[in-house]
Amino acid sequence: MISISSVKKIFSTKNGKVTAVDDINLVINRGEIFGVIGYSGAGKSTLIRMLNGLETPTSGSVVVADREVSKIKGSELRQARREIGMIFQHFNLLWSRTVRENIAFPLEIAGVPKSERERKVNELIKLVGLEGRGDSYPSQLSGGQKQRVGIARALANDPKVLLCDEATSALDPQTTDAILDLLVDINKRLGLTIVLITHEMHVIRKICHRVAVMEAGHIVEMGPVLDVFKSPEQPITKRFVQQVTEPEESKETIEHLLEQYPDGQLVKLTFVGESAEQPVIANLIRQFNIGVNLVQGKVSQTQNGPYGTLFVHLTGASEEVNKAVEYLKEQKVSSEVITNA
Amino acid sequence: MLEQWLPNVNWENIWEATIETLYMTSISVVATFILGILLGLLLFLTAKGNLWENKMVYTVVGAFVNIFRSIPFIILIVLLIPFTKALVGTMIGENAALPALIIGAAPFYARMVEIALREIDKGVIEAAKAMGAKTSTIIWKVLLSESMPALVSGITVTAIALVGYTAMAGVIGAGGLGNLAYLDGFQRSREDVVLVATVVILLIVFVIQFVGDFFTNKLDKR
Ligand SMILES: Nc1ncnc2c1ncn2[C@@H]1O[C@H](COP(=O)(O)OP(=O)(O)OP(=O)(O)O)[C@@H](O)[C@H]1O
Ligand SMILES: [Mg+2]
């Protein structure tokens, strides 16, 4: 659906040249939810803006839905843009128009006749769950509702691709989840390809099928979300993965625990996919004569299965503990002994 | 009763002068609105980082606007005498005042338009672009629609300034309440005529302010 080849974007500023995107190659499949994560200034917005021609690459080519967006201009580009919806961090609604009129705007641009516009707007209002708010002005809506209008507007011309630039960054966690659920729902129902950029791993974890990690204009790591969670290679990726798997306090807790229980062993178990559903801990207690102390754990759902980590503290005769550790290593969970007492 | 207090006031003359003032004001407000929006749009669109970025055009239009905005109105009228004569054929009467009124007010309003347009969130313009909007659609449905309250409040201020300008123009022969107050009132020492002319001008200003505020508030959905 989308193919980006050898794309580079260099901005010339007063203080010299800034390479925002540096030689990126990427293929995004039809119906996929693809996430791009990176810190501020990594070049994420520049990359996504090249997908609908808001930015033109300095070199390389961008093809979206069989159209070479990086080459076309004028009416051909405008036509292509109607097949690519976009939602924004700050919603970018027209405040002089009601919800209904905002959603109708892209239809007006596409020259859709009035009666057809009304039908479509009603349908979209229902799809994004804004029934009864059609005649409100954006200033009368909450952030989450505004983003729903943004989504409805982006979907008005039945696009093939939806681009989301930090679409949930201005929203609170609950509203973020509701908007993400809506995006997954749309992806499933309409088979829409979604490209989403964010700096929150939570967003990637919750809805993306594949993820690319961006740093200083490069993609440093890419793959199915679960794989990246399982074995992050780059330090930056590891930091992002920690955002969702290891709660802030776990480091302190572990240190505290090590002090408190000088004996036994502390083991970090990482569950991925189906292994998260195995009764590993139950078997451990049943088969070995040891004490199992759950220190800290978190299992979360991703689009391709559950993922999580669990810290356990094993106590008892050292021989038995060692056997238990061996047992854990044989299981489909990956285990890592944090320290020996 | 009124005759006692205002012995010299000829109500027919007052009425006639009021009509003349209203005529000059309304024609020049409409022309200023259109011309100011055109100039303001041109300034906005050719500014750095905008749709028609063009340093040449921006500098030339900007200089024109700044020069005409800075010349005191009374001097502008004098400067424009040859131009007015060529255009209208006379220096006397309401129509003779129009070129100076419009040329004096349009640049003033154009700057207000430019500021109003700059207040629009860039993201909204970008969203329209991302939807595949043509520049003309962006101008009508984003730029002008979104800035309408500011455009209306700006034209209100400009219209009030124009009422003042018509009075000044009246002094040098353009007719209207200014002319009446000066020739019929001041020069013949009839204070009551000056007073009535002033009160009528004030009434006109109040009505313009009221109507302007009403529409500004009605349009403002922010
Ligand atoms: N129009 C521009 N002119 C000059 N430099 C730019 C422009 N747009 C972006 N840049 C530069 O390109 C780099 C990447 O910017 P970009 O906005 O793509 O980052 P980002 O990953 O989206 O960051 P954020 O998370 O803060 O939105 C930055 O160094 C930025 O300063
Ligand atoms: Mg960005």
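Definitions and limits used
- Residues numbered from 1 in each chain as written.
- Chains lettered and ligands numbered in written order.
- Predicted model: local features only at pLDDT ≥ 70, side-chain atom pairs only at ≥ 80, totals over all residues.
- Heavy atoms only, no water.
- Contact = heavy atoms within 4.5 Å.
- Salt bridge = Lys/Arg side-chain N within 4 Å of Asp/Glu carboxyl O.
- Polar contact = N/O pair within 3.5 Å; in protein donor to acceptor, adjacent residues only side chain to side chain.
- Buried < 20%, exposed > 50% of the residue type's maximum accessible area, 1.4 Å probe, protein only.
- Helix = DSSP H or I, 4+ residues; strand = E, 2+ residues; numbered from the N terminus.
- Pairing = 2+ DSSP bridges.
- pLDDT = per-residue confidence, 0-100.

In many reports, interface size means the accessible area that the parts give up when they come together. With 22 residues of chain A at the interface, the matching set in chain B holds 22 residues. On the surface where chain A and chain B come into contact, there are 2 salt bridges. Linking lysine 141 of chain B and glutamate 108 of chain A is a salt bridge whose minimum nitrogen-to-oxygen distance equals 2.7 Å. Here chain A is connected to chain B by 8 residue pairs in polar contact (both at pLDDT 80 or more).

Here the focus is the pairing of strand β3 (residues 33–38) of chain A. Residues and elements named next belong to chain A. When you tally the buried positions in β3, you get 6 out of 6 residues, the bulk of the element. Neither face of β3 is open: one carries Ile33, Gly35 and Ile37, the other Phe34, Val36 and Gly38, and all of them are buried. Both β3 and strand β8 (residues 193–198) contribute to a ladder of 5 bridges, which runs parallel. Looking at β8, one finds that phenylalanine 34 is bridged to valine 195. Two elements, β3 and strand β9 (residues 210–215), share 5 bridges in a ladder whose sense is parallel. Each bridged residue has a counterpart across the sheet, and for valine 36 the counterpart in β9 is alanine 212.

All names here are of chain B. Mean pLDDT over chain B stands at 91; residues scoring 70 or higher make up 100%. Model confidence for chain B, summarised as mean pLDDT per element, is weakest for helix α1 (residues 2–5) at 76 and strongest for helix α7 (residues 122–130) at 95. Across the predicted assembly, pTM comes out at 0.85 and ipTM at 0.88.

Moving on, we come to the side chain of serine 70 of chain A. By the element assignment, serine 70 of chain A lies in the loop between β5 (67–68) and α2 (74–81). Apart from the residues lying within four places of it in its own chain, the contact partners of serine 70 of chain A are Thr56, Pro57, Gly60, Ser61 and Val62 of chain A.

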